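# Overview (structure and organization)
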Amino acid sequence: MIKKILLLAVPIIVLSCGQSAEKMTMSKYEAKVYKETLDSVKSLEGRLVSMSNASLEEIDAYLNDVASLKYRNDTTGMDASAKESCMKLKQRVNILKLDAVATSEQRLQTIINPVEVNDDCLLEKTTAYPVYLEKGDILYYNIGLQKQGVIKLYNADARQLLKTYAHKTKVRDSLVVANTGIYLVEIAPGGTQYASVDITFKMADHFHPIKEVNSEEIGAKAGDFRVVSNKGVVLRAAFDQPRKFTLSSQLKSTFTTAAKSKVLVPVQIPAGATEILYNLRISTSERDKSSDGKFPDKMNLSYKRIRFLGLPLYESSSGSGLFSMLLDDNRPLREEDAYCNMYVFRNQWAAKQFQDGSKMASQLQYDVEYSTMGTQSCNGRIPTKGAKTIYLAFENERVRYSNYIWVEVLTATPTTEYHTTKFTVD
């Protein structure tokens with residue numbers, strides 16, 4: 001083995017760590033590693049000069065390159081000159097790493113890292129600006145408001161309020177970070193107004209990656225950290241499964257005792273419920289669809305997606321309400337040839353007379369505003385107006401053709417919901 005190594009050991013002339021050319025004896029492999037390392041060191045030493053004016057990204061890339069620089073060698077078969085040159089190269093690598101860290105730290109103390117810089121920011125609600133900081137960093141914030149507002153500084157990870165500036169139009173301050181974590185500069189404008197927001201930070205005397213802060217709205221309870229309350233609703237299914245009925249044609253119901261052209265669906269209203277939301281599918285085919293029975297799940301899913309928008313429950317002059325948006329998102333497909341009459345009864349006696357046929361619907365008192373003649377598949381909402389039971393009545397006035405209907409109903413009970421913002425870094 002020694003003979004093989006000695007055979008590979010050849011005299012070579014290299015430029016040593018000094019400036020003079022020296023003749024050294026080492027294997028071809030060690031000579032190759034030596035030359036590549038020396039070239040890398042020279043290149044990194046050249047880049048070090050420009051680090052005093054480098055950007056944060058350039059510093060990050062440079063420090064990664066320096067950290068990956070390593071030199072290991074095997075002195076077997078080397079002469080004294082080669083061993084000395086290798087030792088000097090190792091020392092040069094170590095010195096480079098120390099100089100790189102020192103120069104980078106000096107530069108870091110002069111770099112201003114922006115978090116949010118906007119001199120024309122329209123604030124309509126309480127807004128928080130998150131930033132990830134490490135111990136020793138310095139956070140700077142300069143906020144200008146048209147009208148008085150409240151500005152707060154938080155350590156989000158510790159759920160700790162650090163500073164409060166109440167009834168201020170201008171705040172200019174800084175914070176030396178005591179603990180690594182996510183920090184928030186929160187502005188409560190107290191109404192819609194423009195603001196100038198200038199939030200930046202400087203790193204401490206060590207480099208760390210700038211981490212993007214992710215935010216997510218999550219459910220909470222009263223008293224939680226930075227909790228926000230909104231008016232919401234609880235949606236509950238009135239039936240365990242869709243109510244399915246056959247509405248026979250007028251001709252068939254006249255001559256067949258079991259055939260009925262009308263049906264009554266009582267809906268029990270729980271205490272506190274202010275609305276019922278219904279989904280009506282009408283078809284000329286009695287085959288079920290995969291969408292049948294999914295109305296409660298779809299409505300609750302849509303509600304979870306939009307509940308943090310703070311929409312009113314009902315329509316207003318400024319736009320559509322929450323209920324309308326939920327129903328629009330979950331309308332059933334219509335069939336052109338499938339339709340029936342839908343009546344809303346609030347009186348039990350009137351509903352019974354409709355059901356047993358003792359009186360025609362036109363002879364009874366029903367809620368005209370929410371009843372529909374010749375309706376196709378649809379959904380909608382009906383206010384409860386304090387009733388304990390609402391009766392949905394359906395009638396097929398077609399002479400020859402039968403229809404099939406599927407009815408699903410949700411009750412909506414107002415409630416107060418709480419949510420907060422969860423901040424994380426990858």
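Structure first, text after, so check above.
Okay, so let's go over this structure. No experiment lies behind these values; they were computed from the predicted model shown.

Let us now look at the side chain of S248. Assignment of secondary structure puts S248 in the loop between β11 (243–247) and α5 (250–255). Relative accessible area serves as the criterion here: at 5%, S248 is assigned to the buried category. The contact partners of S248, leaving out residues within four places of it in the chain, are S253, A259, K260, S261, N396 and S402.

Before going further, it helps to examine the pattern of salt bridges. Side-chain pairing between opposite charges can occur once the charged atoms of the two side chains come close. As enumerated under the stated definition, the model contains 15 salt bridges in all. Between D328 and R331 there is a salt bridge; the shortest N-O distance is 2.8 Å. Here the salt bridges share partners, and the residues they tie into one network are R346, D367 and K385.

Structurally, N379 can be placed in strand β16 (residues 378–383). A distance of 2.7 Å separates the side chain of N379 from the side chain of R331, its partner in a polar contact. Setting aside its immediate chain neighbours within four residues, N379 contacts Y278, N279, F295, L327, N330, R331 and P332.

Another point: helix α2 (residues 28–48). Between its first and last C-alpha, α2 extends 30 Å over 21 residues, near the 30 Å set by a 1.5 Å rise per residue. All buried positions along α2 are accounted for by E30, A31, V33, Y34, T37, L38, V41, L44 and L48. All buried residues of α2 project into a common sector of 160° when viewed along the axis, lining one side. When the buried face of α2 is taken as reference, the exposed residues oriented beyond 90 degrees from it are K28 and Y29.

Turning our eyes to something else, we now look at the packing of helix α6 (residues 295–306) against helix α7 (residues 322–329). Packing of α6 against α7 brings their axes to within 9 Å, and their N-to-C directions diverge by 125°. When the axis of α6 is compared with that of α7, the two are oblique. The element α6 and its partner α7 pack so that their crossing is right-handed. The residues of α7 that touch α6, namely those facing F295, M299, S302, Y303 and I306, are L322, M325, L326, L327 and D329.

Across the 6 residues of strand β14 (residues 340–345), 6 count as buried, placing the element largely inside the fold. Where burial is concerned, the two faces of β14 agree: the one with C340, M342 and V344 and the one with N341, Y343 and F345 are both buried. Bridge count between β14 and strand β15 (residues 372–375): 2 bridges; the pairing is antiparallel. Counterpart to C340 in the pairing with β15 is T375.

The subject of this paragraph is the packing of aromatic side chains. The tally for this structure, following the rule as stated, stands at 8 aromatic pairs. Summarising the aromatic geometry, the rings of Y34 and Y71 are spaced 6.4 Å apart at their centres and angled 75° between planes, so their arrangement reads as edge-to-face. Taken together, the residues Y34 in helix α2 and Y71 in the loop between α3 (56–67) and α4 (80–108) connect sequence positions 37 residues apart. Taking relative accessible area as the criterion, Y34 reaches 1% and is therefore assigned buried.

Calculation notes
- Each chain has its residues counted from 1, following the order in which its sequence is written.
- Local features in this predicted model are restricted to residues whose pLDDT is 70 or higher, and side-chain atom pairs enter the listing and the counts only when it is 80 or higher, whereas totals over whole chains, interfaces and linings include all residues.
- Values shown for side chains rest on all heavy atoms present in the structure; no hydrogens or waters enter the calculation.
- Only DSSP runs of H or I with at least four residues qualify as helices, and only runs of E with at least two residues qualify as strands; both kinds are numbered from the N terminus onward.
- Note on classification: 1.4 Å probe, protein chains only; a residue is buried when its accessible area is under 20% of the maximum for its type, exposed when over 50%, partly exposed between these limits.
- Any two residues having at least one pair of non-hydrogen atoms within 4.5 Å are treated as being in contact.
- A side-chain nitrogen of Lys or Arg and a carboxyl oxygen of Asp or Glu constitute a salt bridge if their distance falls within 4 Å.
- Contacts described as polar in this section are N or O atom pairs within 3.5 Å, which, within protein, must combine one atom able to donate a hydrogen with one able to accept it, while residues neighboring in sequence count only if both atoms come from side chains.
- One fewer than the residue count of a helix, multiplied by 1.5 Å, yields its expected span.
- The directions considered for the arc run from the helix axis to the C-beta atoms.
- Note on geometry: axes are lines fitted to C-alpha atoms, helical ones only across the stretch in contact, with angles between N-to-C directions running from 0 to 180 degrees.
- An angle below 35 degrees is read as roughly parallel, one above 145 as roughly antiparallel, one from 65 to 115 as roughly perpendicular, and any other as oblique.
- Take the far helix as the reference: if the near one is turned anticlockwise from it by less than a right angle, the crossing is left-handed, and if turned clockwise, right-handed.
- Two strands are counted as paired when DSSP detects at least two bridges linking them.
- Aromatic rings from Phe, Tyr and Trp, taking only the six-membered ring of Trp, are treated as a pair when their centres fall within 6.5 Å; an angle between ring planes under 30 degrees marks them as stacked, one over 60 as edge-to-face, and anything in between as tilted.

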